[in-house]
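Residue strings, one per chain:
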Amino acid sequence: MWSVQNLLLFLCTTLNWMRSSEGLIHVFGYEGRDVRVYCPYSQGYETHQKYLCKNRCGYWDYLITSSEKNKTKYSIYDDERTKVFTVIISDVRVDDAGKYWCGVTILGKDLYTEVKLEVQPVYQHQSSTVRTIIAATSPVSEDLTKAAPSWVSSAAGLIHVFGYEGRDVRISCPYSQGYEDHVKYLCKNRCGYSDYLIKSSEKNKTKYSIYDDERTRVFTVIISELRFDDAGKYWCGVTILGRDLYTEVKLEVRPEKEEHNAGREKKLEDLPAHSTTAVYQHQNSTMRTIIAATSPVSEELTEVYEPQSTVGKTIITTAPPVSEELSEAAPSWVSSVEGLIHVFGYEGRDVRISCPYDRGFEDHEKYLCNNDCGYSDVLVRTTQKTKTRYFIHDDKTRRVFTVTISDLHLKDAGKYLCGVTRLGKDPFTEVKLELKPDRCCNTVNKIHGDEEGSVSISCPYEPQCQNNFKFFCRGNHPSTCLQQAVITSKNRQRGRFRLMDDRKSRKFVVTISNLTLNDSGLYLCGVQRNSSLDVFSAVQLEVKERCCVKTINIRGVVGKPVTFQCRYPPQHHNGTMLLCKGDLANNCKDMMDQSRFTLTNASPSSLSVTITKLEAGDGGTYWCRSGPESSVGNYTHIYLSVADEAHHALLALPAVLLLLVIIVLVLVYKKKYHKK
């Protein structure tokens with residue numbers, strides 16, 4: 001058994017001691033000595049830049065980055081194999097004590113882990129040789145000594161590790177100088193022969209793997225696919241002559257469903273004021289990580305921006321820094337949002353999101369993300385340009401990058417973030433995307449019109465829209481109505497269409513003249529709005545055919561007369577008789593003054609038309625009527641075809657031949673019947 005003096009000497013052989021406490025690395029050091037800060041990170045970030053910063057982690061608060069290696073009193077080393085980067089602070093002073101942050105630069109919000117450094121005056125030292133111990137307790141109290149098995153010569157401290165069911169966990173075990181070449185191991189229970197889980201001489205063993213970083217003097221054990229029964233007490237061990245050196249490890253395993261909620265228990269009032277608001281558990285880490293997000297673009301850029309796209313609509317609204325209303329509307333992990341980009345779109349269409357950014361970030365990478373803006377939440381970045389349904393373009397002259405989302409689905413609605421990558425916390429601007437089905441409307445106003453006549457369609461609107469832009473289109477797709485508008489309030493006369501805006505009665509009226517049957521269909525009245533999607537009302541137009549009581553097809557022969565009947569409603573018996581020729585009833589040539597054309601009343605509901613000595617030019621469309629004026633139902637439509645006599649004979653020949661064949665067949669049949 002070691003003496004108390006030897007035990008204290010062992011405890012003082014460290015420069016600092018550190019623990020991971022649900023996102024907090026607690027580091028202790030002595031004035032005038034060096035201190036090491038061990039910062040673990042998750043798999044996938046091996047090649048990312050790491051750094052140590054303090055205060056608000058602004059540009060001048062960065063103490064050292066992995067791209068610098070050495071800087072005055074700071075040095076950094078990133079062990080990509082164990083996924084732990086180490087920062088050494090030399091010649092520690094009492095005023096170095098305080099909060100620091102281990103940071104990993106990623107696309108989106110950088111990953112942070114809080115570090116609390118305590119520096120004790122050198123007179124508390126009992127040894128000039130101090131090294132690193134990870135501990136969560138005071139140097140070996142009586143309770144800890146009693147708790148340790150009798151075969152443990154000393155319990156240097158307690159490493160408290162947290163993990164989640166089904167995930168991996170890392171246990172980092174520091175050791176003192178001089179033990180670099182000794183065998184290290186992890187064991188449990190009484191650390192008997194069968195209790196050894198893995199040794200540094202084995203490297204990998206079933207669900208355990210081990211790596212010894214002799215440079216930082218930390219060996220790391222990874223336990224894969226955690227189960228609840230893995231929870232409990234373990235021991236980091238270093239083989240030495242005599243009794244081995246041990247550090248106690250307490251492993252807690254929690255249900256995976258608690259993973260995204262556990263991080264919110266920690267208070268965040270001590271974090272950098274402009275940064276984080278979300279703490280969540282790393283999937284492959286033993287400590288919680290803080291995600292930081294800075295304020296978005298400056299006030300200079302939080303203004304209304306109108307994109308060129310007519311498919312969707314983008315609105316950037318300004319707001320004072322974090323009012324209560326905005327704080328409630330913003331995601332819980334965004335600490336402040338100075339502006340909101342409100343975007344509107346339609347299902348099945350495209351939408352453009354225009355994101356302004358500050359001067360000086362022209363060459364920085366930009367991206368659009370959703371959810372927690374983790375690495376897998378980045379939808380597209382400027383280094384990709386195109387990714388499935390997303391396309392990005394950065395206009396460095398206007399300092400606006402635009403993301404186009406194609407083939408929208410209603411489930412695409414929600415919150416997004418425009419981000420700009422930089423060293424430290426990326427600046428973000430919140431985007432709210434609202435989507436509606438690309439069809440209109442629940443109520444449809446039915447309008448009837450007559451062919452070749454005119455119709456007026458009333459489109460009511462709200463009082464606040466009196467000065468708004470109005471338009472009228474054909475179809476049932478609000479997303480394309482403005483592009484396909486047949487008439488607008490800025491161009492009030494266009495062909496057969498005319499628009500009049502009656503602001504007093506709060507409606508605009510569209511008149512369609514010279515109606516055709518093809519004008520039948522669905523139309524939309526549109527009123528443009530600046531703060532949301534345009535407002536529409538629907539109209540179903542039905543155009544009735546102007547003619548006819550009857551449509552007649554007549555054949556005639558050149559030089560011969562032809563007669564046909566024109567029927568009309570009985571109430572028009574004493575009306576004016578009319579016969580004209582042309583494709584349209586309201587635009588045809590009057591034939592009443594032609595000597596070869598004769599009209600007579602054949603009955604109270606019809607008139608007889610006779611054309612003598614037909615000419616080839618007499619063929620075509622005729623209209624006849626009886627009544628005071630043209631209206632649906634009092635016209636008869638006649639189509640006259642005229643052939644010469646030889647052609648008429650050829651047309652009659654097949655009929656004569658057919659008659660002869662029938663006669664022959666009848667005679668043959670009778671002859672055979674009489675024989676029987």
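As a starting point, this report considers the structure included with it. (Residues numbered from 1 in each chain as written. Predicted model: local features only at pLDDT ≥ 70, side-chain atom pairs only at ≥ 80, totals over all residues. Heavy atoms only, no water.)

1. Here we look at the overall build of the chain
- A tally of helices and strands in the chain yields six helices and 49 strands.
- The burial tally for the chain puts 52% of its 676 residues in the buried class.
- When contacts within the chain are restricted to residue pairs at least 6 apart in sequence, those whose partners lie at least 24 apart make up 65%.
- Approximately 33700 Å² of the chain is accessible, and the part contributed by carbon and sulfur atoms is 50%. (Helix = DSSP H or I, 4+ residues; strand = E, 2+ residues; numbered from the N terminus. Buried < 20%, exposed > 50% of the residue type's maximum accessible area, 1.4 Å probe, protein only. Contact = heavy atoms within 4.5 Å. Areas by Shrake-Rupley, 256 points an atom, 1.4 Å probe, with all protein chains shown as cover.)

2. Notes on a nonpolar patch on the surface
- A cluster of nonpolar side chains, L657, L659, L660, I663 and L667, forms an exposed patch at the surface whose accessible area comes to about 480 Å².
- The topology assignment puts L667 in helix α6 (residues 645–675).
- For L667, a relative accessible area of 54% translates into the label exposed. (Patch = residues over 30% accessible without salt bridge, like charges linked within 9 Å, V, L, I, M, F, W, Y side chains within 5 Å. Salt bridge = Lys/Arg side-chain N within 4 Å of Asp/Glu carboxyl O.)

3. Things to note about the sheet that holds strand β17 (residues 208–213)
- If you trace the four strands from one edge of the open sheet to the other, you get β13-β18-β17-β16, paired in antiparallel fashion. On the outer flanks of this sheet lie β13 (169–174) and β16 (204–205), each paired with one strand and no other. (Pairing = 2+ DSSP bridges.)

4. Details of the environment of K199
- Structurally, K199 is set in strand β15 (residues 196–199).
- It is 10.0 Å that separates the C-alpha atoms of K199 and D212, two residues lying 13 residues apart in sequence.
- Apart from residues no more than four positions distant in its own chain, K199 is found in contact with V183, K184, Y185 and I210.

5. Some words on the packing of aromatic side chains
- On inspection of all chains with the given rule, the structure shows 14 aromatic pairs.
- On the numbers, 6.4 Å between centres and 90° between planes, the contact of W101 with Y112 is edge-to-face. You can see W101 sitting in strand β9 (residues 98–104) and its partner Y112 sitting in strand β10 (residues 111–120), a full eleven residues away along the chain. An identical accessibility class is assigned to W101 and Y112; each is buried. (Phe/Tyr/Trp six-rings, centres within 6.5 Å; stacked < 30°, edge-to-face > 60°.)

6. A closer look at the pattern of salt bridges
- Scanning the entire structure with this criterion turns up 24 salt bridges.
- As a salt-bridge pair, D95 and R93 come within 3.3 Å of each other at their nearest N and O atoms.
- Looking at R93, the relative accessible area reads 40%, which means it is partly exposed.
- Of the charged contacts in the structure, one is a salt bridge between D229 and R227, with a shortest N-O distance of 3.3 Å.
- Owing to a relative accessible area of 53%, D229 belongs among the exposed residues under this scheme.
- When salt bridges with common partners are traced through the structure, they connect K73, R93, D95 and D96 into a single cluster.

7. Some thoughts on the sheet that holds strand β35 (residues 470–474)
- Judged by pairing direction, the sheet is mixed, and its five strands sit side by side in the order β33-β41-β40-β35-β36 without closing on themselves. The open sheet is flanked by β33 (444–450) and β36 (485–488), the only strands paired with a single partner. Pairwise comparison of adjacent strand axes, ignoring direction, gives a mean angle of 25° for this sheet. (Axes fitted to C-alpha atoms, helices over the stretch in contact; angles between N-to-C directions.)

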